[in-house]
Amino acid sequence: MKNTLLFCLAFLVKQAAFGQNLVPNPGFEYCVTPINNWILSDISFNKLMINWFSPNSGSPDILQKPELGRMRNERPNVDIDTYSPRNGNVMIGLKLVGCNDGDHCKEYLQVALKEHLEIGEKYYFEVWTKPIRTSIKVNNIGMLFSMDKIERFGEGIFDYQPMLNVDGVLDNSVDNDWVKISDTICADSSYQYLVIGNFFLDRQTQKIAAPGGIDYAYYLFDDAMLVKIGEDCNRISSIMNTKNIQFETNSSNLKIDAFGELNKLIAFLEDHPDKEIRIEGHTDNVGTSADNQKLSSDRANAVLEYLVEKAIARDRLMAVGKGDTVPIATNANEEGRRINRRVEIVILN
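The present account deals with the structure reproduced in this document.

**Brief notes about the sheet that holds strand β3 (residues 52-53)**
Ordered in space as β3-β6-β12-β9-β10, the 5 strands form an open sheet in which the pairing is antiparallel. The open sheet has two edge strands, β3 and β10 (164-166), and neither has a second partner. With 4 bridges joining them, strand β6 (residues 109-112) and strand β12 (residues 193-197) adopt antiparallel strand pairing. For V111, the partnering residue across the bridge sits in β12 and is L194.

What follows is the structure, given as structure tokens:
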């Protein structure tokens, strides 16, 4: 049978009302059809689903409403045909807590965003989920933002810290309705990828078993959205272009072009005498981490001293060196390294 794409126009029109959604294929509607079998490998999922992919050996299930009553290879105590996507014709099933052998069952969804997040900008994120009735109910449903694609052969992704995380057990046993997970984030790096799943070990995750249920947590997901709100998260990106605060090579000496931007910062601080700021120094990854840490600290303090020379009270200022730990571009070429050599200004109050 010729492969086709399943697509729900009405759903995308509804999404457009919220503004530009940075998540491609947010309702998983683009996928190869028909699918009436449980997904058995990450290779199968990555081949059948458009935009989204499995970052480890997990195999998220692609559940299409027209096929739910015809699923082959029946799973005990999983009556998936009684469920429907929140919108459109497709939803995803993820195992979030392990089977009998502990952390074996850990599945994730990963997607490349339509554009890099802008540092210092605020974004609103939401995704809808619910456990099936027979599932173990759990907490630790998290959202990770990453600059690079995550690829892990094997099971589990436990050495990453999610930016958003559901700390309480998500249990909808009363009404079995879809539950919205949502929050705002401030982008501290130019993130390109979003990953959804459980980033904690089973023993770190709260679990409530369903009587006579399955021995793993199985949650359905639909309708992911990430929208830029337009606020600047207390970074002064709207006042000055911090990319123009540049230094001489391997030095904390400010380049001449930096003073114009710093004078804008001085004007802002003079107009807002109650504001305090943190000056963050950053470097590329050339050299040792220790040297980069010292250089970034020296550069942040060079900016601080310039502000003090211009009559800004020292007790309103804090200087911090971040070294090469927070890149906002690739360090694989000179242009990316130039961008990473920077100072950022954060309002503290």
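**Section: the sheet that holds strand β11 (residues 179-186)**
Spatially, β4-β5-β14-β7-β11 is the arrangement adopted by the 5 strands of the open sheet, whose pairing is antiparallel. Both outer strands of the open sheet, β4 (61-64) and β11, are each paired with one neighbouring strand and no more. Put simply, the sheet's adjacent strands are angled 35° from each other on average, direction ignored. By the bridge criterion, 4 bridges tie β4 to strand β5 (residues 90-97) in an arrangement that is antiparallel. What sits directly across from I62, in β5, is I92.

**With respect to the packing of aromatic side chains**
Overall, the coordinates contain 6 aromatic pairs when judged by the stated rule. Consider the rings of Y108 and F199, whose centres lie 5.3 Å apart with planes at 45°: the pair is tilted. Within this pair, whereas Y108 is found in the loop between β5 and β6, its partner F199 is found in the loop between β12 and β13 (207-208), the two being separated by 91 residues in sequence. Of the two residues, Y108 and F199, both sit in the buried class. Residues F125 and F145 carry aromatic rings whose centres are separated by 6.3 Å and whose planes lie at 90° to one another, so their mutual orientation is edge-to-face. With F125 in strand β7 (residues 122-131) and F145 in strand β9 (residues 141-146), the pair connects residues that are 20 residues apart, well separated along the chain. Overall, the relative accessible area of 0% leaves F125 in the buried class. What links up through ring pairs into an aromatic cluster is the set F125, F145 and Y191. The ring of W128 carries R86 above its face, with NZ or CZ at 3.6 Å from the centroid. Above the plane of the ring of F53 lies K149, whose end atom (NZ or CZ) is 4.4 Å from the centre.

**Concerning the nonpolar core**
Counting residues in hydrophobic clusters, the biggest one holds 43 residues, and the most contacted among them are W52, I62, L117 and L194. For I62, the residues in contact, after removing those within four places along its chain, are C31, I35, I39, F45, L48, M49, V90, M91 and I92. Residues F247, L262, I266 and L317 belong to the second largest nonpolar core, which totals 21 residues.

**Some remarks on the packing of helix α3 (residues 258-271) against helix α4 (residues 289-309)**
For any two helices packed against each other, the geometry is given by the interaxial angle and the distance between the axes. Where α3 meets α4, the axes come as close as 11 Å, and the angle between the chain directions of the two elements is 55°. The orientation of α3 with respect to α4, classified from their angle, is oblique. Read as a crossing pair, α3 and α4 show a hand that is right-handed. In this structure, α3 uses F259, L262, N263, L265, I266 and L269 to contact α4, whose residues at the interface are V303, Y306 and L307.

Cut-offs used in this document
Residues numbered from 1 in each chain as written. Predicted model: local features only at pLDDT ≥ 70, side-chain atom pairs only at ≥ 80, totals over all residues. Heavy atoms only, no water. Pairing = 2+ DSSP bridges. Helix = DSSP H or I, 4+ residues; strand = E, 2+ residues; numbered from the N terminus. Axes fitted to C-alpha atoms, helices over the stretch in contact; angles between N-to-C directions. Phe/Tyr/Trp six-rings, centres within 6.5 Å; stacked < 30°, edge-to-face > 60°. Buried < 20%, exposed > 50% of the residue type's maximum accessible area, 1.4 Å probe, protein only. Lys NZ or Arg CZ within 6 Å of the ring centre and 35° of its normal. Core = buried A, V, L, I, M, F, W, Y, C linked by side-chain atoms within 4.5 Å. Contact = heavy atoms within 4.5 Å. Parallel < 35°, antiparallel > 145°, perpendicular 65-115°, else oblique. Left-handed = near helix turned anticlockwise from the far one by under 90°.

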